[in-house]
Amino acid sequence: MEATFGHPNQETVQLIRAALKHLPPDERAIITMFYYEEMSLKEIAFVTESIPTTVASKLSRTRKKLCKIIKMLQS
């Protein structure tokens, strides 16, 4: 249960890192800023010279893309 709800296991971490390498730099940057640097949509919008709603849309699309990449890597 700890691996599911607590800290991810090493295999999961490696899978996510591998999947991130398949993303274009701009999409990887948004994922990194949001999840790893814990920046808000407003902060990311400022950095990327965009607006928060655009960042939210791009983040949503990138998450879906990342899920597809992870599934591809697992098969």
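Residues numbered from 1 in each chain as written. Predicted model: local features only at pLDDT ≥ 70, side-chain atom pairs only at ≥ 80, totals over all residues. Heavy atoms only, no water.

A tally of regular secondary structure across the chain gives 5 helices and 0 strands. For the chain, the N- to C-terminal ordering of α and β elements is α-α-α-α-α. Principal axes of the C-alpha set define a box for the chain whose edges measure 35 × 25 × 15 Å. In the chain, which comprises 75 residues, the share counted as buried stands at 21%. Look at the contacts in the chain between residues 6 or more apart in sequence, and 55% of them connect residues 24 or more apart. By element, 59% of the accessible surface of the chain is carried by carbon and sulfur atoms, the whole surface being about 5,700 Å². Averaging the coordinates of the 11 positive side-chain charges in the chain and doing the same for the 8 negative ones gives two points 9 Å apart. (Helix = DSSP H or I, 4+ residues; strand = E, 2+ residues; numbered from the N terminus. Buried < 20%, exposed > 50% of the residue type's maximum accessible area, 1.4 Å probe, protein only. Contact = heavy atoms within 4.5 Å. Areas by Shrake-Rupley, 256 points an atom, 1.4 Å probe, with all protein chains shown as cover. Lys, Arg positive; Asp, Glu negative; His and termini not counted. Charge placed at Lys NZ, Arg CZ, Asp CG, Glu CD.)

This brings us to the nonpolar core. Counting 13 residues, the largest nonpolar core has L20, L23, I31, I44 and L66 as its most contacted members. For this core, the secondary structure elements donating two or more residues are α2 (10-20), α3 (25-36), α4 (41-48) and α5 (52-74). When sequence neighbours within four positions are dropped, the list of residues in contact with L23 reads R28, I31, T62, K65, L66 and I69. (Core = buried A, V, L, I, M, F, W, Y, C linked by side-chain atoms within 4.5 Å.)

This part takes up the pattern of salt bridges. Enumeration according to the criterion identifies 2 salt bridges in this entry. Ionic pairing is found between K58 and D26, a salt bridge with its closest N-O pair at 2.5 Å. With K58 in helix α5 and D26 in helix α3, this residue pair connects regions lying 32 residues apart in the sequence. D26 sits in the partly exposed class, given a relative accessible area of 38%. Across the pair K65 and E27 runs a salt bridge whose closest N-O atoms are separated by 3.1 Å. You can see K65 sitting in helix α5 and its partner E27 sitting in helix α3, a full 38 residues away along the chain. With a relative accessible area of 14%, E27 lands in the buried category. (Salt bridge = Lys/Arg side-chain N within 4 Å of Asp/Glu carboxyl O.)

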